[in-house]
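Examination of the molecular architecture
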Amino acid sequence: SQDQAAAVPGLTFMVFSPGLATMDLIHVTEKALPVAFGVCVAISFALVAIMFRAILIPFKLVLTVLIPITWTYGAALYVYEDGKLEWLGIDALSRTGDGRLDWTVPIFSLTFLVGLALDYDVFLFERVREFREEQFGDREAIQLGLSATGGTISA
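Computed from a predicted model, the values in this text were never measured in an experiment.

Per the secondary structure count, the protein includes five helices and zero strands. For the protein, the α and β elements follow one another from N to C terminus as α-α-α-α-α. In terms of overall dimensions, the protein is more spread out than a globule: its C-alpha atoms have a radius of gyration of 23 Å, far above the 15 Å expected for 155 residues. Taken along the three principal axes of its C-alpha coordinates, the protein extends 80 × 50 × 20 Å. Taken over 155 residues, the protein has a buried fraction of 19%. Here the analysis covers contacts within the protein between residues at least 6 apart in sequence; of these, 49% occur between residues at least 24 apart. Mean positive and mean negative side-chain charge positions of the protein (10 and 17 charges, respectively) differ by 8 Å.

Structural data, given as structure tokens:
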């Protein structure tokens, strides 16, 4: 019995099944995801600050990364967990089987969205900086930077 096993010092019970392994993986991932996100933001912030030699640009880049990610997760919860678009009758926009997003969605979408957003932001800011170095004013540099990169970013 369990009481007798507890009385034996050094005896440990271990149980294995695919379901338990998945539960352990989910638990470890849930604990590590905020740390991974924080480290990613901190490293990105530091590298952008060094690259542009400015302290305000990294704040803007972090905001332009966090806002779309927050919106994306909110939209995913609205559609797939809350089922708010089921009335359309489209299976792809219906609530998932157990009413929850798969645990892998935040991990994979976070890495993809951070990479994509930082890539485009650095691309845009580099062009704005180039125009500033050519002695254009702030407003003109931003307008020229947006017009030079807008087609590529929005394609």
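Further remarks concern the confidence of the model for the protein. Chain-level pLDDT for the protein is 83 on average; 93% of the residues reach the 70-or-more range. Confidence, expressed as mean pLDDT per element, reaches its minimum in the protein at helix α1 (residues 2-6) with 55 and its maximum at helix α5 (residues 138-154) with 90.

A few words now on the pattern of salt bridges. Overall, the coordinates contain four salt bridges when judged by the stated rule. Ionic pairing is found between Arg127 and Glu130, a salt bridge with its closest N-O pair at 3.2 Å. One end of the pair, Arg127, and the other, Glu130, are both in helix α4 (residues 104-133), three residues apart, so they sit about a helical turn from each other. Relative accessible area serves as the criterion here: at 31%, Glu130 is assigned to the partly exposed category. For Arg132, the salt bridge goes to Asp138, with nearest N and O atoms at 3.0 Å.

Moving on, we get to the nonpolar core. Counting residues in each nonpolar core, the largest one holds eight residues, listed as Val48, Phe52, Leu61, Leu124, Phe125, Val128, Phe131 and Ala141. Within the residue set of this core, elements represented by two or more residues are α2 (18-52) and α4. With four residues, the top contributor of residues to this core is α4. Beyond its immediate stretch of four places on either side in the chain, Leu124 contacts Gly145, Leu146, Thr149 and Ile153. Membership of the second largest hydrophobic core comes to seven residues, among which are Ile69, Leu110, Leu113 and Ala117.

Let us now look at unusual backbone geometry. Although it is not a glycine, Arg53 sits at a positive phi angle of roughly 50°. Positionally, Arg53 belongs in the loop between α2 and α3 (56-81). The exposure class assigned to Arg53 is exposed, which follows from its relative accessible area of 75%.

We now examine the packing of aromatic side chains. Two aromatic rings, taken as a pair, are described by how far apart their centres are and by the angle between their planes. Under the defined criterion, the tally for this structure stands at three aromatic pairs. Relative to Phe136, the ring of Phe131 lies with its centre 5.9 Å away and its plane at 80°, an arrangement referred to as edge-to-face.

Considering only enclosed or pocket space, the largest pocket measures out at about 250 Å³ in volume. Along the wall of the largest pocket there are 14 residues; nearest its centre are Glu30, Leu101, Asp102, Trp103 and Pro106. At the level of secondary structure, the elements contributing two or more residues to the lining of the largest pocket comprise α2, α3 and α4. Here the residues of the lining of the largest pocket sort into nine nonpolar, one polar and four charged. Estimates place the volume of the second largest pocket at around 170 Å³. In terms of lining, the second largest pocket is formed by Phe52, Ile57, Phe125, Val128, Arg129, Arg132, Asp138, Ala141 and Ile142. Every element with two or more residues in the lining of the second largest pocket is listed here: α4 and α5. The element best represented in the lining of the second largest pocket is α4, accounting for four residues. Split into classes, the residues belonging to the lining of the second largest pocket amount to six nonpolar, no polar and three charged.

Rules behind the numbers
Residues numbered from 1 in each chain as written. Predicted model: local features only at pLDDT ≥ 70, side-chain atom pairs only at ≥ 80, totals over all residues. Heavy atoms only, no water. Helix = DSSP H or I, 4+ residues; strand = E, 2+ residues; numbered from the N terminus. Rg over C-alpha atoms; globule rule 2.2 N^0.38 Å. Buried < 20%, exposed > 50% of the residue type's maximum accessible area, 1.4 Å probe, protein only. Contact = heavy atoms within 4.5 Å. Lys, Arg positive; Asp, Glu negative; His and termini not counted. Charge placed at Lys NZ, Arg CZ, Asp CG, Glu CD. pLDDT = per-residue confidence, 0-100. Salt bridge = Lys/Arg side-chain N within 4 Å of Asp/Glu carboxyl O. Core = buried A, V, L, I, M, F, W, Y, C linked by side-chain atoms within 4.5 Å. Phe/Tyr/Trp six-rings, centres within 6.5 Å; stacked < 30°, edge-to-face > 60°. 1 Å grid on protein atoms, 1.4 Å probe; cavity = no way out; pocket = protein on both sides within 12 Å on 5 of 7 lines; lining within 4 Å. Points joined across faces, edges and corners; volume = space filled by probe spheres on them. Nonpolar A, V, L, I, M, F, W, Y, C, P; charged D, E, K, R; others polar.

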